[in-house]
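The chain contents come next:
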Amino acid sequence: MSRASRTAEDAMIRLIDDRGAPLFEGRLGVSRTELLEIHRVAALTRALEDALSGLAGGPDLPWYVPALGEDAALVAAATALGFADPVFSSGRMAPRALARGLAAATWIHSALGTSASPSGGREAPGFAGHPDENLFPASATPGAAALSAVGAGLARSDDAVAVGVLGWGSLGSAAFAAALDAARRTSSRVLLVVVTSKSRGVGAAVAAAETAGLSAALIDGDDPVAVRDAVAAARARVREEGRPELVELACRREMDRGPSAGRRRLAAFLEREGALGAELAAEIDRAIRGEVASALAAARAAGGPGPEALHGELRARPSAEERRVADAFARFGAEYGGAADPDARFLV
Amino acid sequence: MTRPAATLPADSLRSALERALEGDERVILLGGPHLAELPHARGLAARFDGDRVIEGPDDEAALIGLARGLALTGRRPVVDLTAGDGIARAFETLARDLAPLRYRSAGVFSAPMTLLVPQGSAPGAGPDLGATPESWLTTLPGLRVVCASAATAPGALLEASLDGGDPVALLLPRDGGAPLAADDGIALDAARVLRSGTELTLIAYGGAVATALDAADAAAPHAIEVLDLVSLAPIDAETLLASVARTGRAVVLQDAPRSHGVAAEVAALVAERAIEYLEAPVLRVAAPDGPAPMRLEENYRPDVARVLRAIEQVLDF
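Residues numbered from 1 in each chain as written. Chains lettered and ligands numbered in written order. Predicted model: local features only at pLDDT ≥ 70, side-chain atom pairs only at ≥ 80, totals over all residues.

J.: So what's going on with the overall build of chain B? Residues and values would help.
T.: Broken down by element type, chain B carries 13 helices and twelve strands. For 317 residues, the compact-globule formula gives about 20 Å, and the C-alpha radius of gyration of chain B, at 19 Å, lands near that figure. Once the C-alpha set of chain B is aligned to its principal axes, its extents read approximately 60 × 45 × 35 Å. Counting the 317 residues in chain B, one finds 56% classified as buried. (Helix = DSSP H or I, 4+ residues; strand = E, 2+ residues; numbered from the N terminus. Rg over C-alpha atoms; globule rule 2.2 N^0.38 Å. Buried ≥ 20, exposed ≤ 12 C-beta atoms within 10 Å, placed from the backbone.)

Encoded structure:
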């Protein structure tokens, strides 16, 4: 670790220490019940994503990118947002989706691309948007989610703040730099949340934002209490003052499948506060295991999409030619373009 | 007949932009830092507030990324990319995040917007400003690509594009020829027969439409039909094939390099679906396979003399 990044780590905002001991005085702006829910959803996220990671590379799932090490930070950030806030992501959407109430089964259908998935099996694993939760489809183009969020923030809704959630991979992109510049110049009502990795050095997102003229804060992403507090405060400022902000969440990105550093720290804090005992922890764990098993069984039962899902929805108003092809396919299926289909001559 | 050189037809576009901004609060004009200085946007920033006419970054990819967020949250952005020639920079976000969005989400999400994109060569434009992006853009499933011409005013196409629910690349020829009579009620996906004929169909789009009309005049007394494709993706196959079936001969013009272009797609469609009507091979009249040179643009572009030679070859086959 470089001298510069050590300095930046020292500057991270924390509200609880590594053992869950409070570093604050007075009352928190978040209830113990809400923190317990952050703990539960982070655990659910990890259990779901562990199951999906286990399937990745197999016949049901080509690949899957989990939010390893970031689950508690991303859930805590999501719970600090307003439900009407449109959220644009560069991936790793499971914590936000589940924090906003998306059913585990829907996430699994979506990731596996089953016939019951929102996109009918067309979208990349974990990239589908969920309109009822105000989550827009993820973009794999580095930094593009920041631009979309800044664009949405130009609507200047009184009730909502546009949010972009990005990973460290977006930091070096031209799109991210352009988004920061555009946010400042247009006073977009946007909050950018960037998750960075402690092993790669922290503070780069904050430095970029401050260079571009935005207010920014560096938070210890392994402290979900601080994340919840800082994101809520930043969102309130964006909404009230009408100017963009950035929050950097620096996380320890472990690649094993145990609880993330953030969830361990939050659990320790809740135990100290008497809000999470062994019995409740076991009960939460049992419920999550049941939920994941049932979601996986439902997804397997649904199966993959049929060939009828191939056509359609390319345009709001398909051309006559596109309608002709889709109709022929719908009518003749496997015989499409064959002898049984006299109208589909030369469509093979 | 020689037509005077023209730049982007600003009047038609400006009127349509003004009407759109007046008539629909969802419409937002978004462009680079010099948007207000462009002829077709002049006065609009003063007339409408800063939330409706927005000067953004000098970066085509960034403008399209911003517009995606606006469109997904209910606005109808018109993205002005005419100040530069950097649509190539925006290709990643166009190809991944914008064009396929409706299909990828099975119709749940869409980002309707209109991109104003310069197209074609022009005297003095050279290899940087001479890009012909239609060959790239038409390969993006879900993106409509339409092209204005001397006969098809950009303003009419802009209005039609805002009326639909898709992302549309509205190509604006850098040298489209002198505008012909005003036209209303143009459909976004329909080719237009500009001149009827019985012996051969000249098929063109953009700046080549004016050349095709001139060549048809010059080919008299042969009865040459002229078709303005208007929509390059999807192509209006019905109108195209009906015309070729009537005349039995086709020559396709494009102000773009010859290979892998719109003309090749047109020729393939005719070969697949109308070969029994053809009396001769389909010929292409296009620019050479290379960038537009700075000082030889008049030789680079299809001109009337080359079109007449193609007409002669096809009629004599």
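J.: Which residues make up the packing of helix H2 (residues 32–55) of chain A against helix H5 (residues 104–112) of chain A, and what values do they have?
T.: Residues and elements named next belong to chain A. At their nearest, the axes of H2 and H5 sit 11 Å apart, and the two run at 30° to each other. By the angle between their directions, the pair H2 and H5 is classed as roughly parallel. Where H2 crosses over H5, the handedness of that crossing is right-handed. On the side of H2, the interface is formed by Leu44, Leu48 and Leu52, while H5 contributes Ala104, Trp107, Ile108 and Ala111. (Axes fitted to C-alpha atoms, helices over the stretch in contact; angles between N-to-C directions. Parallel < 35°, antiparallel > 145°, perpendicular 65-115°, else oblique. Left-handed = near helix turned anticlockwise from the far one by under 90°. Contact = placed C-beta atoms within 7 Å.)

J.: How would you explain the nonpolar core if you had to name every residue and give the values?
T.: Among the nonpolar cores identified, the biggest contains 200 residues, and Leu170(B), Leu202(B), Ala212(B) and Val251(B) are the most heavily contacted of them. Setting aside its immediate chain neighbours within four residues, Leu170(B) contacts Thr114(B), Leu115(B), Leu116(B), Val117(B), Val146(B), Ala148(B), Pro154(B), Leu157(B), Leu158(B) and Ser161(B). (Core = buried A, V, L, I, M, F, W, Y, C linked by C-beta atoms within 7 Å.)

J.: Before we move on, could you go through the pairing of strand S9 (residues 224–228) of chain B and cite the residues and values that matter?
T.: Residue and element names in this part refer to chain B. The buried fraction of S9 amounts to five of the five residues, a majority that puts the element mostly inside the structure. Residue alternation in S9 divides its side chains into two sets, Ile224, Val226 and Asp228 and Glu225 and Leu227, and both sets are buried. With three bridges joining them, strand S7 (residues 192–195) and S9 adopt antiparallel strand pairing. If you follow Arg192 over to S9, its bridge partner there is Asp228. Read as a crossover between parallel neighbours, the route from strand S8 (residues 200–204) over helix H9 (residues 207–218) to S9 is right-handed. (Pairing = 2+ DSSP bridges. Right-handed = clockwise from strand over helix to strand, strands pointing away.)

J.: Outline the sheet that holds strand S3 (residues 190–197) of chain A, supporting the account with residue identities and numerical values.
T.: Strands pair in a sheet through their backbones, by hydrogen bonds, and they do so in one of two ways: parallel or antiparallel. Residue and element names in this part refer to chain A. Read across the sheet, five strands follow the order S1-S2-S3-S5-S4 without closing on themselves; strand pairing throughout is parallel. At either margin of the open sheet sits one strand with a lone partner, and together these are strand S1 (87–89) and strand S4 (215–220). For this sheet, the mean inter-axis angle between neighbouring strands, taken without regard to orientation, is 20°.

J.: Report on the sheet that holds strand S11 (residues 250–257) of chain B, specifying residues and quantitative values.
T.: Residue and element names in this part refer to chain B. The sheet built from five strands is open, its strands ordered S7-S9-S8-S11-S12 with mixed pairing. What marks the edges here is a single partner per strand, and that holds for S7 and strand S12 (283–287). Averaged over all neighbouring strand pairs, the angle between strand axes comes to 25°, with direction disregarded. As paired strands, S8 and S9 are joined by five bridges and run parallel to one another.

J.: So what's going on with helix H8 (residues 204–212) of chain A? Residues and values would help.
T.: Residues Ala204(A), Ala205(A), Val206(A), Ala209(A) and Ala212(A) constitute the buried set of H8(A). Gly213(A) sits one or two positions beyond H8(A) and adopts a positive phi of about 95°.

J.: Describe the interface of chain A and chain B, listing the residues and the values that go with them.
T.: If you look at the interface, chain A gives 41 residues, while chain B gives 42 residues. Every element with two or more residues in the side of chain A that touches chain B is listed here: helix H6 (144–153), helix H7 (174–186) and helix H12 (320–332) of chain A. Residue contributions to the side of chain A that touches chain B peak at seven residues, all from H6(A). Residue composition of the side of chain A that touches chain B, grouped by class: 23 nonpolar, nine polar and nine charged. (Nonpolar A, V, L, I, M, F, W, Y, C, P; charged D, E, K, R; others polar.)

J.: Explain the pairing of S3(A) residue by residue, including any values.
T.: All names here are of chain A. Taking burial as the measure, the eight residues of S3 include seven buried ones, the bulk of the element. Taken together, the six bridges between strand S2 (residues 162–167) and S3 define a ladder with parallel strand orientation. Within S3, the position partnered with Val163 by the bridge is Leu191. Assessed by its sense of winding, the connection that carries the chain from S2 through H7 to S3 is right-handed. Bridge count for S3 against strand S5 (residues 245–251) is seven bridges, and the pairing is parallel. Within the sheet, the bridge partner assigned to Val193 lies in S5 and is Val247.

J.: Can you explain the environment of Ser117(A)? Please cite residues and give values.
T.: All names here are of chain A. Tracing the sequence through the fold places Ser117 in the loop between H5 and H6. Between the C-alpha atoms of Ser117 and Ser199, which are 82 residues apart in sequence, the distance is 36 Å. Setting aside residues up to four positions removed in sequence, Ser117 forms contacts with His109, Ser110 and Ala128.

J.: I'd like a description of the confidence of the model for chain B, backed by residues and values.
T.: Residue and element names in this part refer to chain B. Chain-level statistics for chain B give a pLDDT mean of 91 and a share of 95% at 70 or above. Low pLDDT, under 50, characterises residues 1–6; the stretch is placed with 13 contacts to residues that sit more than four places away or in other chains. Across the whole predicted complex the pTM is 0.93, and at the interface the ipTM reaches 0.92. (pLDDT = per-residue confidence, 0-100.)

J.: Account for the environment of Arg92(A), with residues named and values stated.
T.: Inspection of the secondary structure puts Arg92(A) in the loop between S1 and helix H4 (94–99). Setting aside residues no more than four positions away along its own chain, Arg92(A) makes contact with Val65(A), Ala67(A), Glu70(A), Leu74(A) and Gly167(A).

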